[in-house]
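Structural overview
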Amino acid sequence: MPIMTPEKTQYSLGSVAQIPLGEGRNFQIGGTEIAVFHTRQGVFATQAECPHRHGPLADGLVGGTQVTCPFHAWKFDLTTGEPLMGQCALQTYPVRLTDSGDIELTFLGEAAHFVS
Amino acid sequence: MSDKQKLVVIGNGMAGARTVEEILARGGGEQFDITMFGDEPYGNYNRILLSNVLNGTQDPADIFLNPLEWYTENDVTLHAPARVTQIDRARKEVRSNDGQVTPYDKLLIATGSRPFVPPMEGLQGPEGEDKHGVFVFRTIDDCHKIAGYANKCRKAAVIGGGLLGLEAARGLLNYGVEVHVIHLAPWLMNNQLDAQGGKILTSIMQKMGVHVHLEKATAAVLGDDSVTGLQFKDGATLDCDMVIISTGITPNNELARDCGLTVERAIVTDNQMRSVDDPNIYVVGECAQHRGRVYGLVAPLWEQGQALADHITGRNENAAYHGSKIATKLKVMGVELASMGVTEASDERDEVVIFSEPKRGTYKKLIIRDGILIGAMMLGDLNKVAYLMQAFDRGTPLPEERLSLLFDIGAPSVEATMLEMPDTAQICNCNGVSKGQIRKCVEGGKRSLKMVMEATRAGMGCGSCKKLVSEVVEWAAEGQVEEDPSIHYYVPGVALIKSELVEAIMAQGLKSVSSVFETLAHGVEDAGSKMGLASLLKSLWGAEYEDERDARYINDRVHANIQKDKTFSVIPRIYGGVTTADDLIKIGQVAKKYDVPMVKFTGGQRIDLLGITKENLPKVWKDLGMPSGHAYAKSFRTCKTCVGTDFCRYGVGDSTGLGIKIEKRFQGIESPGKMKLATAGCPRNCSEAMVKDLGAVAVEGGNWEIYIGGAAGAHIRKGDILCIVDSHDAVLQIMGRFMQYYIENAKYLERTYGFVERVGMDKIRSIVVDDSEGIAARLDASIQASVDAYVDPWLEADTPATANQFISTLPVLQA
Ligand SMILES: Cc1cc2nc3c(=O)[nH]c(=O)nc-3n(C[C@H](O)[C@H](O)[C@H](O)COP(=O)(O)OP(=O)(O)OC[C@H]3O[C@@H](n4cnc5c(N)ncnc54)[C@H](O)[C@@H]3O)c2cc1C
Ligand code: HEM
Ligand code: SF4
Ligand code: SF4
Ligand code: FES
C-alpha cells in the first residue's frame, strides 16, 4: 500500500527549457514517475507509462494537446487524460508555468489519486 | 428529476449497442434515460473483425464501432467494466458487481454468448487454475492473450473445425507456429458444407499449411501447469504447446433464468423481442430464442434491433420480427467460401445443380425447391454470391437458365439488376445496410465509396459485399462517383495532395514542420502528420531545413531503435557486411563493458547490441567509434553482399566491392520508406538482391542487372529489372537517380514495391534510364547534394542536439 501524503504539495521541477519544445520528460516524485510535456499549447503532466503495455509516453509524438504512445500508437488527450480510442484513461496532474518559466506541479500523494 | 423512463441495457456488445443506436435514431433519447452495463472494459467493437485482428490484417484500434465518446455524446451512461449479477423483477432494479443498484422501467438483455467448452480432462492445472496455453476466442482480450502466447509457441492445436476454428487456425499461421485443427465430424464446416465441399476445403486448408485431423474426439489436455499435448478418445496423442477451443457457443442465460424468465436454449421471446413472461424486459442478440431459433451471427440481430426499437419507442406498435434466413462467409485469407440454407436435398421435388473442379478448389452447389433457392454453397469463386444471397433471403423465383446462376455468362447488366432490386434489399449483411439506405446516403451528397462506407458502415464487416456496395453507389450516383479526396493527401493533417503541398511549401518558404501546420493547417498540429512532413521538408530543403526534433519519432531523436522494455538497440555501420577482426574485438569489448543482454546478427548482415538504456547510448557509440548503421530510420539501411569474385567459385562480378561503394555513398540518405539493398556476384543470388528495394546482380560479360521494387518482409515481391549496365560507377549512378526519383515522388511510408507498382516500370525506366523528361541531370545533382550533406548522427554523442536528448528521467531539484 502506498503511503498517504494528504496535504497538497507543490513541486518546482525547474526551468521548462529542460524539456525541448514539443517533447516530454519524466520526473520522479517519491515512488511515482510523472511525464511532463512541453507543448506549443502549454505544459501538461500525466502518468509516465502507457496503460496498454507500459510504453514511455514522454517519448511519444505530441500533436496539439494529444500524445501518441511510441509503442502501439494509443492516443490520449493531455488536458484530461482521456483516451481517444476508447480504452483506459491516463492519470493527469495539475501543472503550470511560473512567470519565471519554471514548471510547478501539484502532486497530492500517491494514494489519493487512485480512488477505486 | 427527469420524467424520462429509465432504460437499462445489460451487455454492451454488437446487439446491445446497435439496438441502442436504433432506439436513438427513432428519437428514443427524448423518451429514455439510457444506462448500459458491459462486462468488457471497452466501448462496443466489431467482434467479427477479431479474426482479422488475429491474422494481423487489422489493427485492434480500427474495429471499434462505438468509442467511449459516442456514449458521452449521446447521453448514454456506460458502466464498463461492470457485470450485472442480478435482475430483481419485483423491485425493477439490477445489481452489478461494482456495487451499484440501478432501477429500470424497461430492461434490455443483450448478454450474447460465451464459448462452449466441452467436458474434457486436464483443462485446469493442479491447483484448479486455468492451464497455461488453453484459450478460447471471443473477445479482444482473448485475441491478445492468444497473440502473446503464440509468439512463444511451436505448435498449436485448434479444437473445432467450424467457421471460427478455421479463422483462428489461419490467424495462428501468422505467428509462425505449426497449426493443427482437430474436428469431430467427418469433414470441416459440416454445418455449412456437404461431404464433397468439405473435402475440397480440407485440401485447401492443408495446402495453406494447416494440418487437419478429422473424426477425432479430444479426451484430455496434457501437461502439468502448461499445455504439452492432447489425448484423443481413440488413444492417439498430439504434441502441442497451445490449444484454442472453438467448439460452439452457449448463450449467457443465467441472469434471466435466475429471475424466473422462460429459458430454453436461450431466453424465449415474442415477435416484439420481449420475454414471454415480462413485457418490460426485451431480449436481443445471441441470448434470444425466437420461434425456436437461436442465432450465432450478426445479420439477424440487426433485424431484431430494428423491430425492437420500433416497438419500444412506440414508432410502430405492430412492429414484429419474423426470423432471419442466414448466410455465412468464411473470412480466411485465400479461401473464398460462402454458404446459405440447407446443404443437401431432402425432398423429391428438390433440384440440385452442381459444378465441381476439385483441382482448382472450385465447388458450387445449389438446392432449389419449386424454383426457389433453399440452399447454396460456393467455394473458390464468389462472383454470384451477392445475387444468390438476395434470392435466398427474399425467396424470389430463380430464372430458368440455371447455368447463369453459377457463372457470369450473359448475366443481366448491373443497371437492370439495380433497378429491379427493391430499396429494402439488404446489401451489407454484417452491418445490416439496405440498398435504400445507401441510395439515400448518396443522394444526401456522399458521393464516394469511402464516404458511404463510413456513413452507413456498409462493407465494413467481413467485406464480402464491398463490390455490391460500390455498384449501388455507382448506380445511385448516376455515374457521378467521386473519389474521396483525403485518401490522396500526403499526410492526414494537411488537406493537400503531395504536389500541391510541395508547391505551397516552396511558394511560402515553409522550412519547419510547425510553420506548415501554422500556415497550411489552420494552426492545428497533428501528431500523425509530423514525421511525414519532416521527411518531405528535409528532402525539399536539404541543409536549409529547420529541424524540429519533436517532429521526429523517438528512434530518430536518439538514433536507435526502441524496444519493448524501453531500452534501445545499437547497430553500428559495417559497410557491405564486411568487417575486420579489430572491429569485432571492439564490439565484443563494448558488449562486455555494458553487459549487453543480447548480441545478435541481423538479417542485413550486421551486429545488433540489444538492451542499451537511453542514457548509455552516447557512451556506447563513443566506445565503439563506428558510425551509425541507421537501422532505425526511414532511410537507406544496408547493402548486403555475397563474397562474389573475392572468394566464390561462381562469382562473375565484384559484389563485395560494389556493395561497400554503394553503402559508403548512400549511407544515411533519408527516404519516404526504408531502403534495403544487396549485391550478388552471380544470378545464384546468395545475398537475395532480387528481393531488395534496390539490388544489383552480376551477369556474364561484366554486366550488372539492376533490380528495383523487391521486398521480402511482410510483403514479398520479386524486384523488376530496371536496366543492365556495365560498371560499378554506372550502377551507382542509376541507383542514385532512382532513389532521388523515389524520394521526390513516393508517398510517405510507401516502400519501393508499392511505388513501382503504382507508377509503373515503363514510366520509371523511361525517366530514370532514358531520361525521357530531361530531369536525369537534376536528379543526379540532388542526390549528390544529399550525399555531400551526410553527417553521422552518432556524433551527437559529443554535441547533443537538444536539452537532455538522452535522458528519460530528470532530477527534481526542490521539493
Ligand atoms: C472471432 C469471431 C468471428 C466472428 N465472425 C462472424 C462473421 O463473420 N459473421 C457473423 O455474422 N458473425 C460472426 N461472429 C459472431 C458475432 O460476433 C456474434 O453473433 C455477435 O457478436 C453477437 O452479438 P451479441 O450482442 O448478441 O453478443 P456479444 O457481441 O458477445 O455481446 C455481449 C456483451 O455482453 C457482455 N455481457 C454478458 N453478460 C453480461 C453481464 N451480466 N453484465 C454486463 N455485460 C455482460 C459481454 O461481455 C459482451 O461484451 C463472430 C464471432 C467471433 C468471436
Ligand atoms: C482494445 C484495445 C487494444 C488495442 C487497440 C491494442 C493494440 C495493440 C497493438 C496495435 C499491438 C501491437 C500488435 C503487433 O505489433 O502485432 C498490441 C500488442 C499487444 N497488446 Fe494490445 N491492444 C488492446 C488491448 C490490449 C489488452 C486488453 C491487452 C491485455 C490483455 C493487450 C495486450 C497486448 C499484448 C500482450 C501485446 C503484445 C503481443 C505480442 O507480444 O505479440 N492489448 N496491442
Ligand atoms: S523482429 Fe520483426 S519479425 Fe521479429 S518479432 Fe519483431 S517485427 Fe516481428
Ligand atoms: S551469388 Fe553467385 S557469386 Fe555470390 S556467393 Fe552466391 S554463387 Fe557466389
Ligand atoms: S504500450 Fe502504449 S500503445 Fe502499446
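Residues numbered from 1 in each chain as written. Chains lettered and ligands numbered in written order. Predicted model: local features only at pLDDT ≥ 70, side-chain atom pairs only at ≥ 80, totals over all residues. Heavy atoms only, no water.

**A closer look at the packing of helix 13 (residues 435-443) of chain B against helix 14 (residues 449-456) of chain B**
All names here are of chain B. Between helix 13 and helix 14, the shortest axis-to-axis distance is 10 Å and the interhelical angle comes to 120°. Between helix 13 and helix 14, the angle falls in the class oblique. Here the hand of the crossing between helix 13 and helix 14 comes out right-handed. Along its contact with helix 13, which presents Gln437, Ile438, Cys441 and Val442, the element helix 14 presents Val452, Ala455 and Thr456. A breakdown of the residues in the contact of helix 13 with helix 14 according to their chemical character gives 5 nonpolar, 2 polar and no charged. (Axes fitted to C-alpha atoms, helices over the stretch in contact; angles between N-to-C directions. Helix = DSSP H or I, 4+ residues; strand = E, 2+ residues; numbered from the N terminus. Parallel < 35°, antiparallel > 145°, perpendicular 65-115°, else oblique. Left-handed = near helix turned anticlockwise from the far one by under 90°. Contact = heavy atoms within 4.5 Å. Nonpolar A, V, L, I, M, F, W, Y, C, P; charged D, E, K, R; others polar.)

**Observations regarding the packing of aromatic side chains**
Residues and elements named next belong to chain B. A complete count under the given rule lists 14 aromatic pairs over all chains for this structure. Judged by centre distance (6.5 Å) and plane angle (40°), the ring pair of Phe636 and Phe666 falls under tilted. Here Phe666 lies in helix 23 (residues 655-666) and Phe636 lies in strand 37 (residues 636-641), a separation of 30 residues in the sequence. Classification of Phe666 as buried rests on a relative accessible area of 0%. One aromatic cluster is present, built from ring pairs that chain together Phe738, Tyr741, Tyr742 and Phe755. Taking NZ or CZ as reference, Lys384 lies 5.7 Å from the ring centre of Tyr387, over its face. (Phe/Tyr/Trp six-rings, centres within 6.5 Å; stacked < 30°, edge-to-face > 60°. Buried < 20%, exposed > 50% of the residue type's maximum accessible area, 1.4 Å probe, protein only. Lys NZ or Arg CZ within 6 Å of the ring centre and 35° of its normal.)

**Side note on the side chain of Glu286 of chain B**
Within the element layout of this structure, Glu286 of chain B appears in the loop between strand 22 (278-283) and strand 23 (288-290). If we skip the residues at most four places from it in the chain, Glu286 of chain B touches Gly112, Ser113, Arg138, Ile249, Pro251, Ala266, Val294, Tyr295, Gly296 and Leu297 of chain B.

**Quick look at the coordination of the iron atom of ligand 2**
For the iron atom of ligand 2, the full set of protein donor atoms is His52 of chain A (NE2) and His144 of chain B (NE2), and the range of their distances to it is 2.1 to 2.3 Å. Of note is the iron atom of ligand 2, whose 6 donor atoms meet at the metal with angles of 81 to 176° in an arrangement that counts as octahedral. Taken together, the residues span two chains, with His52 of chain A in the loop between strand 4 (42-47) and strand 5 (61-63) and His144 of chain B in helix 5 (residues 140-150). Note on His144 of chain B: relative accessible area 36%, which makes it partly exposed. (Donors = N, O, S within 2.8 Å, 3.2 Å for Na, K, Ca; no water. Tetrahedral: all angles 85-135°; square planar, octahedral: opposite > 155°, others 65-115°.)

**Quick notes on helix 21 (residues 617-624) of chain B**
Residues and elements named next belong to chain B. For helix 21, the complete set of buried residues consists of Leu617, Pro618, Val620, Trp621 and Leu624. Along helix 21, the residues classed as buried sweep out an arc of 165° about the axis, all on the same side. Turning to helix 21, the residues buried within the fold contact helix 19 (554-558), strand 34 (568-570), helix 20 (581-593) and strand 36 (607-612). The first or second residue beyond helix 21 is Gly625, which carries a positive phi of 60°. (Arc of directions from axis to C-beta.)

**So, the site of ligand 1**
Residues and elements named next belong to chain B. Surrounding ligand 1, one finds 32 residues, the nearest of these being Ala15, Glu40, Arg138, Glu286 and Lys331. Between ligand 1 and the protein, one listed contact pairs an oxygen atom with a backbone N or O atom of Gly296 at 3.5 Å. About the coverage of ligand 1: the protein hides 94% of its 1000 Å² of free accessible area. Residue composition of the shell around ligand 1, grouped by class: 14 nonpolar, 10 polar and 8 charged. Summarising the domain contributions, the shell around ligand 1 has at least three residues from each of domain 1 (5-113 + 251-312) and domain 2 (134-247). (Near = heavy atom within 4 Å. Polar contact = N/O pair within 3.5 Å; in protein donor to acceptor, adjacent residues only side chain to side chain. Areas by Shrake-Rupley, 256 points an atom, 1.4 Å probe, with all protein chains shown as cover. Domains from an automatic or database assignment.)

**As for the nonpolar core**
With 114 residues, the main nonpolar core has Ile109, Leu172, Leu201 and Ile438 of chain B as its most contacted residues. If we ignore the near neighbours within four places in the chain, the residues touching Leu172 of chain B are Ile146, Ala150, Ala156, Val158, Val177, Val179, Met242 and Ile244 of chain B. (Core = buried A, V, L, I, M, F, W, Y, C linked by side-chain atoms within 4.5 Å.)

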